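The lines below spell out each chain.
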Amino acid sequence: QPLDRPAVFPGYPWLLRETCAARDRYLTYLAARRRANEGTLVICDRFPLPQIKLMDGPQAERMTRNCSQSRLIRTLSAIEKQYYNQIELPELLFVLRADPELAVRRKTDEDPDSVRARSTEIWEMSWDSLRAHIIDANRPKDEVLSELKAVVWSQI
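Here the structure is a predicted model, which is why all the values come from computation and not from measurement. (Residues numbered from 1 in each chain as written. Predicted model: local features only at pLDDT ≥ 70, side-chain atom pairs only at ≥ 80, totals over all residues. Heavy atoms only, no water.)

Asker: Help me out: how do you make sense of the overall build of the chain in this one?
Answerer: The helix and strand inventory of the chain stands at 6 helices and 2 strands. Each helix and strand of the chain, placed in order from N terminus to C terminus, yields the pattern α-α-α-β-α-α-β-α. C-alpha extents for the chain along the principal axes are approximately 50 × 40 × 30 Å. Across the 156 residues in the chain, those meeting the buried criterion constitute 34%. Long-range pairs, those at least 24 residues apart, make up 70% of the contacts in the chain with a sequence separation of at least 6. (Helix = DSSP H or I, 4+ residues; strand = E, 2+ residues; numbered from the N terminus. Buried < 20%, exposed > 50% of the residue type's maximum accessible area, 1.4 Å probe, protein only. Contact = heavy atoms within 4.5 Å.)

Shown next, in the form of structure tokens:
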């Protein structure tokens, strides 16, 4: 759901699923952090960042702000947020930035409106505060991978 449209509460099963997803992501983060602390190079895809609102982060607050806040909504929303708040930023962050219309053409197995909204959020965001390595993902896959590998090797 694009950020400029009012959110519609998808229901309690959705809210429970988002809370469980937050827990799963937090447990995955803990395992990855443990491995990284042991010296293993860990690569995570779609890392939850507070700046990103449409994917891989807390969704309950955004999706329930226009409905009455039952105790269950408040509780699950708080649990979801707590899990995400415990996930620290990665040591090295790459942002693959592609034109939203190109992303729609590439992701044929997903809803085009959803892909467009998520890609637009990434495309328009300022990444300066996160010290992210911005990768031009409009280029062919081999070029993108080559740049990614070069930056990773320069950092280890």
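Additional details are given in the paragraphs that follow.
Asker: Looking at this model, I keep getting lost on the packing of aromatic side chains. Mind explaining?
Answerer: One pair of aromatic rings is described through two measures. These are the centre distance and the angle between the planes. Counting across every chain of the model gives 4 aromatic pairs. Centroid distance Tyr-26 to Tyr-83: 5.7 Å. Interplanar angle 40°. Geometry classified as tilted. One end of the pair, Tyr-26, is in helix 1 (residues 12-37); the other, Tyr-83, is in helix 3 (residues 71-85), and 57 residues separate them in sequence. With centroids separated by 6.4 Å and ring planes inclined at 70°, the aromatic side chains of Tyr-29 and Phe-47 adopt a geometry described as edge-to-face. Highlighted residues: Tyr-29 in helix 1 and Phe-47 in the loop between helix 1 and helix 2 (60-64), separated in sequence by 18 residues. (Phe/Tyr/Trp six-rings, centres within 6.5 Å; stacked < 30°, edge-to-face > 60°.)

Asker: Is there a simple way to explain helix 3 in this structure?
Answerer: Along an α-helix, residues three or four apart share an orientation, since each turn contains 3.6 residues. The end-to-end C-alpha separation of helix 3 is 21 Å, in line with the 21 Å expected for 15 residues at 1.5 Å each. Those residues of helix 3 lying buried are Ile-73, Leu-76, Ser-77, Glu-80 and Tyr-84. Here the buried residues of helix 3 occupy an arc of 100° about the axis, which is enough to place them on one side. Within helix 3, the exposed residues directed more than 90 degrees away from the buried face are Arg-71 and Asn-85. Each element contacted by the buried residues of helix 3 is listed here: helix 1 and helix 2. (Expected span 1.5 Å × (residues − 1). Arc of directions from axis to C-beta.)

Asker: Would you explain the pattern of salt bridges in this entry?
Answerer: Working definition: two side chains of opposite charge can pair if their charged atoms are close together. Within this structure, the stated rule accounts for 11 salt bridges. For the salt bridge of Lys-107 with Glu-110, the shortest nitrogen-to-oxygen distance reads 3.5 Å. Here Lys-107 falls in the partly exposed class, since its relative accessible area comes to 36%. Judged by relative accessible area, Glu-110 falls into the partly exposed class, the value being 27%. Connected through shared salt-bridge partners, Arg-25, Arg-46 and Asp-56 make up one network. (Salt bridge = Lys/Arg side-chain N within 4 Å of Asp/Glu carboxyl O.)

Asker: Sorry if this is basic, but what is going on with the environment of Gln-51 here?
Answerer: In this fold, Gln-51 is placed in the loop between helix 1 and helix 2. Assessed through its relative accessible area of 29%, Gln-51 is described here as partly exposed. Sequence separation between Gln-51 and Gln-82 is 31 residues; the distance between their C-alpha atoms is 16 Å. Residue contacts for Gln-51: discarding those within four places in its chain leaves Glu-121, Met-125, Ser-129 and Leu-130.

Asker: What am I meant to see in the layout of surface pockets here?
Answerer: To locate leftover empty space, one rolls a probe as large as a water molecule over the atoms. Within this model, the largest pocket holds a volume of roughly 1,700 Å³. Taken together, 46 residues make up the lining of the largest pocket; nearest its centre are Cys-44, Asp-45, Arg-46, Phe-94 and Leu-96. Elements with a minimum of two residues in the lining of the largest pocket: helix 1, strand 1 (94-97), helix 4 (100-106), helix 5 (112-124) and helix 6 (141-155). In terms of residue count, the dominant contributor to the lining of the largest pocket is helix 6 (7 residues). (1 Å grid on protein atoms, 1.4 Å probe; cavity = no way out; pocket = protein on both sides within 12 Å on 5 of 7 lines; lining within 4 Å. Points joined across faces, edges and corners; volume = space filled by probe spheres on them.)

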